[in-house]
Amino acid sequence: MRLARLFSFCLGICLSAFAQLPNDNFQESALDSCRWFYTSSSTSSVGGNYQMNDGLVLTSDGSQPSSQTSVYSQYYAPGDFDVQVNYELASSWSATIIPAGSGSHFQGASFTIYFDGQNSLTLFRYRDANSDQLVLYGTVGGQTVYASIPSSDVSGTLRIVQTGTRMEFMALVGGSWTTVGTWIGPVRQAVFALGSGNVNSLNSVTTTFTNFTFNSGATNFEAYQLPNQVLARPDFLAGFDSATESAFWELTGYHPYPIMAANGLGLAHIRITTVNSSVLQNTPFEQWETLPYDNSFWSSQQVGGHLLAEAQSLGMQNYLEMFLSDQNADAGVQNAPAAWQGLSVADTATQLQNYTYQTVQYYKSQGIAIGLYGIGNEIGLGIENFLPGQLLPAPQGASPYEAVEFMEQNVWPTEATLLKAAIAGVKMADPNAKIALHIEGLGLTPADVFVRGFFSTMVNLGVPFDAAALSLPYMQAPGWTLPQYTFACWAQRMDAAFRDIAALGKKGMIAEGAYQNSTVNISLNAPMSEFPVTPQGQAAWIDANLRFASNNPNVVSFNYFYPEYYYGYPGEPAAPPLDVEAYGLFQNPTTIQPGMLQFNPFLNTVRTPQINAVVNLANSQPGPVAPGEYAIAYGANLAGFTVTAQQVPYLASLADVAVTVNGQQAPVQYVSATQINFLVPYGTSTGPATVVISAGLQDSLPFTVQVQTSAPAIFMYNGNQAIAQDVPSLALNGPSAPAAPGSAVTVYIVGLGATSPTLADGVATPTSPYTTPTQTVTATIAGQNANVLFAGLTPQLVGLGQVNLSVPQGLAQGTYSLVITIGNQTSSPAMLSVGTAQ
């Protein structure tokens, strides 16, 4: 296996994640929800409708002064592209424009490049009362872009080409491409949109689009097939968000936790407010039912502690999410506790650090182990009232979710400061703590640019977190759009988001999600077509999500929201809405819904990764390693998948597996249940070093290896034969293809140590200048000095070293011991075959 992997990267393994082109001729009977999603409105207009009829037919609502009907791509282009689409205007195009509202009166068909809600560029087939034109219009970075040319075409082709920082907008006019306008500026991920609309005009506008085609370029689109069954892997946790009322239900005789644990729910997601209830603290749990109910009890430190302790006693792992508020803190509602209101960012940060430190210390003093800490709940828009429109400015003309660039510049830097302070408090009390950041973002913006924007900003600003957690949309919530998807296409959209998260070196989680089992006394949006609102539909929804999450190498956990509920539960006076009761996976205190059974495959499946040995990649010999060296960790439960890295630079996480050496993240090239290939970070100090493997949310015990300035090891095959190639024929050296005395051979090695120039961890070696070790390299064959012609890292590959040397003259035919020395460290011998003199 090692030799096969060597040649796989010798031949180059950099396979682009942006390989598939999602062309669409729009001849399907329904809009392909794996490629597009339909939106019927924007921040300033009312939508119309769409249909599939020999193309994508978009029609605006002419009864409204402004109406825009659009479809957006489910994917984005990360760099250069050349994309075109055909359009045809219906007869309504020629109707007299009836002015309505203020401002310009026009209508048009549109091909848009969407960066976010405040930054987009549109190529219009445009008409107002006085002219017919092709127009480029938009705003990027606060700068208005405008250009136009006359046009009378009612059908044609629109094309947009990005090359570097230049974007050209063109139309096919008279059989040749004519440039309407250009834009030059910073490159952001581009989402594509097609539209038909009227602005301040009471005209209904219909446009048919066909043949959306990528002439060149790449996107993050990857076709997805939903697996047929769940995968009970050792690094995946099936969990639940707990209702705080569970603690009080126990006093009535209802004990849901043991039933959930017995059905495979192994991660308890418990949320707490900043409230420390002295009443509950000073009252034995058995007497809590005698207390008059106080709303401050809800999710207080004491109630959370009781639930954490119970989950721990049942063998569950604990995920503690801190609201950072004295009340519920959900998406867009992130109020600071009353005592912190009005504090500056610096003072709020101090309060947060003190609070998280004291909270973790409190639970540690109770003997409660916490595997994962969530800093805030659904925090995409900020925390502690440092939200747009509150203590921070609000974006203009777009919702905060769509104003990604605005959030990057005006909101998330402040949030990063606060998050770092809160995390510092946790790690002061629990240095090995794992941290989750939980946002609401899925489905809120085209191609989920909000999700990537948030987490990439947190990474860029140095927020030290481990898991990126997302909420699923809820059926009763405004903006529910999932009925337009098949589940496989929705899963494809989720997969794209989690691939983006993995590209940042982070693990992905579905932190919460639920589906109703009944419509009794509640009003819901339309369900997804595959999942009727019945107990069986709820079970099918859970099964589908578990199939997605457990088979996805970038997802480590799925948490079901409030499974403890049932209709008529014994709640406190302030009962939740009935739709929340309908989330429940119980029919009554002792009988479960069929949805609960979907978690059975995960019963007792989680295993702690175990390292048994760390060896060099070349010959699998234990012993010292060097900075920059390829190494192998052997053990058990190391990964839930077998995956080879498909991109360069190698990331710090692959299939949810991460490796650290002395706390530094190591690039990972290959993972399986028993083997991890990684590169020792260049910054690793010499001496004893600890290697830790994190699989899912589980950490191995530290394993100690010795690090030296160099640790040369020669690749071998057939036991002890050196992997060496003749120069220039590239024949593999061996008894049947020996090297003649005086000839040159290339020997492949690892363990060169520090290089000049220095390289970043996990990157491909540049072609120029050559990358050579800073220490002297020598070689001997049969004890005789072999002249070293070149020693360094192999260009265009990652971490592979080579030594080009001359076979000493005078050696007789035979097989001899080859030894390579770098600095004062010598390799184990490998055998090199020598032939007769030429």
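Data block above holds the structure.
Fair warning: this is a prediction, and the values are worked out from it, not measured in the lab.

## With respect to helix 11 (residues 535-550)
Inference 1: Look at helix 11: 22 Å from first C-alpha to last across 16 residues, which is about the 22 Å you get at 1.5 Å a residue.
Inference 2: With respect to burial, helix 11 is a largely interior element, 12 of its 16 residues being buried.
Inference 3: Residues of helix 11 that are buried: Gly537, Gln538, Ala539, Trp541, Ile542, Ala544, Asn545, Leu546, Arg547, Phe548, Ala549 and Ser550.
Inference 4: Summarising the contacts, the buried residues of helix 11 are in contact with helix 10 (487-503), strand 21 (507-513) and strand 22 (555-561).

## Quick look at the sheet that holds strand 2 (residues 49-52)
Inference 1: The strand order across the open sheet built from 7 strands is 2-3-14-5-10-11-12, with neighbouring strands paired in antiparallel fashion. Strand pairing shows two members of the sheet lacking a second neighbour, strand 2 and strand 12 (176-184), which therefore form its edges. With strand direction ignored, the average angle separating the axes of adjacent strands in the sheet is 25°.
Inference 2: Bridge analysis of strand 2 against strand 3 (residues 56-59) gives 4 bridges, and the strand direction is antiparallel. Paired with Met52 across the bridge in strand 3 is Leu56.

## Considering the environment of Gly79
Inference 1: Tracing the backbone through its elements, the reader meets Gly79 in the loop between strand 4 (66-77) and strand 5 (81-89).
Inference 2: Through-space distance from the C-alpha of Gly79 to that of Thr163 is 8.0 Å; in sequence the pair is 84 residues apart.

## Comments concerning the pairing of strand 1 (residues 36-39)
Along any regular strand the residues' side chains alternate between the sheet's two faces.
Inference 1: Residues Trp36 and Tyr38 of strand 1 are buried on one face, and the alternating residues Phe37 and Thr39, pointing to the opposite face, are buried as well.
Inference 2: As defined by bridge partners, strand 1 adjoins strand 4 across 4 bridges and the pair is classed as antiparallel. By the bridge assignment for strand 4, Phe37 is matched with Tyr72.

## What about the pairing of strand 14 (residues 206-217)?
Inference 1: Where strand 3 and strand 14 come together, 4 bridges link them in antiparallel fashion. Residue pairing across strands places Val57 opposite Thr208, the latter belonging to strand 14.

## Focus on the layout of surface pockets
Inference 1: Estimates place the volume of the second largest pocket at around 900 Å³.
Inference 2: Lining the second largest pocket we find 34 residues, and of these Asn432, Ala433, Lys434, Asp466 and Asp699 sit closest to its centre.
Inference 3: Of all the secondary-structure elements, those providing two or more residues to the lining of the second largest pocket are strand 17 (317-322), strand 29 (657-661), strand 33 (687-695) and strand 34 (698-699).
Inference 4: Classifying every residue of the lining of the second largest pocket by side-chain character gives 11 nonpolar, 16 polar and 7 charged.

## Focus on the packing of helix 10 against helix 11
Inference 1: Where helix 10 contacts helix 11, the axes come no closer than 11 Å and their chain directions differ by 35°. Crossing geometry of helix 10 relative to helix 11 is assigned as right-handed. Every residue of helix 11 that contacts helix 10 at Phe487, Ala491, Met494, Asp495 and Phe498 is listed here: Ala544, Asn545 and Phe548.

## Quick look at the pattern of salt bridges
Inference 1: The tally for this structure, following the rule as stated, stands at 16 salt bridges.
Inference 2: With a shortest N-O distance of 2.9 Å, Arg493 and Asp448 are connected by a salt bridge. A residue pair is termed long-range when its members are at least 10 positions apart, and Arg493 in helix 10 and Asp448 in the loop between strand 19 (435-439) and helix 9 (449-460) qualify at 45 residues.
Inference 3: Asp500 is paired through a salt bridge with Arg452; the nearest N and O atoms lie 3.4 Å apart. Here the residue Asp500 occupies a position in helix 10, and Arg452 occupies one in helix 9, the gap between them amounting to 48 residues.
Inference 4: Linked by salt bridges that have partners in common, Asp241, Arg271, Glu321 and Glu512 make up one network.

## Some details on the sheet that holds strand 9 (residues 143-150)
By way of backbone hydrogen bonds, the strands of a sheet pair with one another, either parallel or antiparallel.
Inference 1: Judged by pairing direction, the sheet is antiparallel, and its 7 strands sit side by side in the order 1-4-13-6-7-8-9 without closing on themselves. Where the open sheet ends on each side, the last strands, each with one partner, are strand 1 and strand 9. Strand-to-strand twist of the sheet, defined as the mean angle between neighbouring strand axes without regard to direction, takes the value 15°.
Inference 2: Sheet analysis places strand 6 (residues 106-116) next to strand 13 (residues 190-199), joined by 9 bridges and oriented antiparallel. Across the sheet, residue Ser110 finds its bridge partner in strand 13, namely Gly195.

How each quantity is defined
Residues numbered from 1 in each chain as written. Predicted model: local features only at pLDDT ≥ 70, side-chain atom pairs only at ≥ 80, totals over all residues. Heavy atoms only, no water. Helix = DSSP H or I, 4+ residues; strand = E, 2+ residues; numbered from the N terminus. Expected span 1.5 Å × (residues − 1). Buried < 20%, exposed > 50% of the residue type's maximum accessible area, 1.4 Å probe, protein only. Contact = heavy atoms within 4.5 Å. Pairing = 2+ DSSP bridges. Axes fitted to C-alpha atoms, helices over the stretch in contact; angles between N-to-C directions. 1 Å grid on protein atoms, 1.4 Å probe; cavity = no way out; pocket = protein on both sides within 12 Å on 5 of 7 lines; lining within 4 Å. Points joined across faces, edges and corners; volume = space filled by probe spheres on them. Nonpolar A, V, L, I, M, F, W, Y, C, P; charged D, E, K, R; others polar. Left-handed = near helix turned anticlockwise from the far one by under 90°. Salt bridge = Lys/Arg side-chain N within 4 Å of Asp/Glu carboxyl O.

As far as function goes, none of this settles anything; it's purely spatial.
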